[in-house]
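The chain contents come next:
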Amino acid sequence: MKVFKQLFTVGFVLMSLVSFSQANDYKVRKCFGYQRDSCKVSQNIYYKVHDASRSALFLKGQTSKTVLTIYNGRDYRVSLCWAPVLGNRILFKIIDNETDNVLYDNANDEFSYDFEFTVAQSREIEIQVTIPGSSDLTQATNEDELIFVEKDKEMGCVGVLIEHMITPTKGF
Amino acid sequence: MFKKYILFIIIFSPFQYNFAQECFEYYKSACIPKSSNFIYTENNSSVSFQFTSGELKEIPFTLILGIDYRITLCADKKFEDIIKFIIRAKDGNEIYNNSQQNFNLNLEFACRKTQDVTFELIAPEPNIGNNDTVLIDGCMGVLVEEMVSVKTGF
C-alpha cells in the first residue's frame, strides 16, 4: 500500500511537470519554452543547448533582436522555429554588434531556418529576427487611432535555439 | 382616448415585461466570441437590452492604455446582423464605424492612449410600407472583454 502511495505521488508530480512543460501556448506563459519544445536540436550529440536560447511572441512585420556573446574555439548552431500562423519563412541575420556588419543573412541561404558556424574570434553578435508581412500594430503612428489586431491571425511564437560545443580538432 | 388606452396597454402589457426578462443577460448566451489562443476576461460594461428599429443606444466606456479589447455584438435574428456600431471619442470624432467594414460585429483592438469614448449602437430603420410601418423589436447584447496587452519581440 505504501509503495502504491509513493508511486501515485511520483506519477502525479511527473504528470504536473509534463503538463507545465507543454504550456507553451499563449494562454499560460506566452511562448515560454517554445524553443525547447518546438525547435529541432542538432543530431550531433556534442552540441549542448545554450542558456541564451529564447522565445517570444511576434507580430507579423515585426523585427526584434537578441544579443549573444560567442567565444573563440567554439562551434555554434542557431536554429529557428515558429508558429505556422507567421508564414512559411522568416528572416534572420547575424550581425556583429560592434561593427554592424551582417555576418549571415538567411535571405542569401534559401531562407534556411538554421546556421552553424565556428568562431575564430570572440565577439558579441546580434541575432535579428524579422517576420514578413505587416500588422496595424507595427505600423500605427497616430495616438488617437484604435489599432485593430486579430491576435490569432497576426501573432505567433518564435523560438531561437542556440547550441554550442568546443570546436572539434581536425586531422591527427 | 383610444390612443391613450393603446399606449397604456403597450407600456404595461405582460408581453413587454417578458421581453425585458428575455433580454436579461442575453449577451451571455448569444455573444459567443471566436475561440482564441489568448485569454480575455469579461468587462463589467457588457450589457443586454431590448432594441427597437431606428433606436440609438449609447454606452459610455473608458479605454485604457495597455489593455486590449475584444467586443462581440449580437442581436436578435430579426435584425439580420445589420447593427451600426460607432466608437466616438469625447470630442465627437468617430474613431470606429463598422458600416465601413460591412457591419462587422466582432472587433479586437488595442489603444494608444487612455480615453473616454461612447459606444453607439444603432438599430436599422423600420421598414416603411405603403400602409404601415414595421418595427422590429428584439434583444441586443454587447460583450466587452479585455486583456493586458502582450509584450512582443525579445
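It should be emphasised that the depicted structure is a prediction, and the values quoted were computed from it without experimental measurement. (Residues numbered from 1 in each chain as written. Chains lettered and ligands numbered in written order. Predicted model: local features only at pLDDT ≥ 70, side-chain atom pairs only at ≥ 80, totals over all residues.)

(A) Here's a closer look at the overall build of chain B. The helix and strand tally for chain B stands at three helices and eleven strands. Ordered by position in the sequence, the α and β elements of chain B form the string α-α-α-β-β-β-β-β-β-β-β-β-β-β. For chain B, the residues scored as buried account for 24% of the 154 residues in total. (Helix = DSSP H or I, 4+ residues; strand = E, 2+ residues; numbered from the N terminus. Buried ≥ 20, exposed ≤ 12 C-beta atoms within 10 Å, placed from the backbone.)

(B) Representation of the overall build of chain A in the model. The number of helices and strands found in chain A is four helices and ten strands. Ordered by position from the N terminus, the helices and strands of chain A form the series α-α-β-β-β-β-β-β-β-β-α-β-α-β. Relative to its full complement of 172 residues, chain A shows a buried share of 27%. In chain A, of all internal contacts separated by at least 6 residues, the share reaching a separation of at least 24 is 79%. (Contact = placed C-beta atoms within 7 Å.)

(C) Region of the structure containing the sheet that holds strand β8 (residues 123-130) of chain A. Residues and elements named next belong to chain A. Strand order in the open sheet formed by four strands is β3-β8-β5-β6, with antiparallel pairing between adjacent strands. Sheet topology places β3 (63-70) and β6 (102-105) at the edges, where each strand pairs with a single neighbour. With direction set aside, neighbouring strand axes in the sheet form an average angle of 20°. Relative to β8, strand β5 (residues 91-96) is paired through six bridges, and the arrangement is antiparallel. Across the sheet, aspartate 96 pairs through a bridge with isoleucine 125, a residue of β8. (Pairing = 2+ DSSP bridges. Axes fitted to C-alpha atoms, helices over the stretch in contact; angles between N-to-C directions.)

(D) Structural context of unusual backbone geometry. For A:Glu110, which is not glycine, the phi dihedral falls at a positive 50°. Within the secondary structure, A:Glu110 is located in the loop between β6 and β7 (114-118). Here A:Glu110 falls in the exposed class, since 8 other C-beta atoms lie within 10 Å of it. At B:Asp81, a residue that is not glycine, the phi angle is positive and equals roughly 60°. Looking at where B:Asp81 falls in the secondary structure, it is placed in the loop between β4 (67-75) and β5 (84-89). B:Asp81 sits in the partly exposed class, given 13 other C-beta atoms within 10 Å.

(E) Quick look at the interface of chain B and chain A. With 19 residues of chain B in contact, the opposing surface of chain A contributes 26 residues. Ranked by residue count, the leading element in the side of chain B that touches chain A is strand β7 (residues 106-111) of chain B, at five residues. For the side of chain B that touches chain A, the per-class residue count stands at twelve nonpolar, four polar and three charged. (Nonpolar A, V, L, I, M, F, W, Y, C, P; charged D, E, K, R; others polar.)

(F) Fine view of the sheet that holds strand β6 (residues 94-97) of chain B. Residue and element names in this part refer to chain B. Strand order in the open sheet formed by four strands is β3-β8-β5-β6, with antiparallel pairing between adjacent strands. If you trace the sheet from one side to the other, it starts and ends with β3 (56-63) and β6, each paired once. Taken pair by pair, the neighbouring strands of this sheet meet at an average axis angle of 20°, ignoring direction. In terms of strand pairing, β5 meets β6 through three bridges, oriented antiparallel. Following the sheet pairing, isoleucine 86 is matched in β6 by asparagine 97.

(G) Quick peek at the pairing of β5(B). Residue and element names in this part refer to chain B. For β5 and strand β8 (residues 115-122), the ladder comprises six bridges, and the chain directions are antiparallel. Counted as the bridge partner of isoleucine 87 is phenylalanine 119 from β8. The antiparallel hairpin formed by β5 and β6 contains four residues in its connecting segment, where glycine 92 sits at a positive phi of about 100°.

(H) Representation of the nonpolar core within the structure. All names here are of chain A. Within the largest apolar cluster, 57 residues are counted, with the highest numbers of intra-cluster contacts made by Phe58, Leu80, Ile90, Ile127 and Val158. Counting residues per element, this core draws most heavily on strand β10 (residues 155-166), at six residues. When sequence neighbours within four positions are dropped, the list of residues in contact with valine 158 reads Ser55, Ala56, Phe58, Leu80, Trp82, Ile90 and Val129. (Core = buried A, V, L, I, M, F, W, Y, C linked by C-beta atoms within 7 Å.)

(I) Spotlight on the environment of A:Ser53. Residues and elements named next belong to chain A. Tracing the sequence through the fold places serine 53 in the loop between β1 (48-49) and β2 (54-59). Residues serine 53 and threonine 66 lie 13 residues apart in sequence; the distance between their C-alpha atoms is 9.5 Å. Excluding residues that lie within four positions of it along the chain, serine 53 makes contacts with Gln35, Val160, Leu161 and Ile162.

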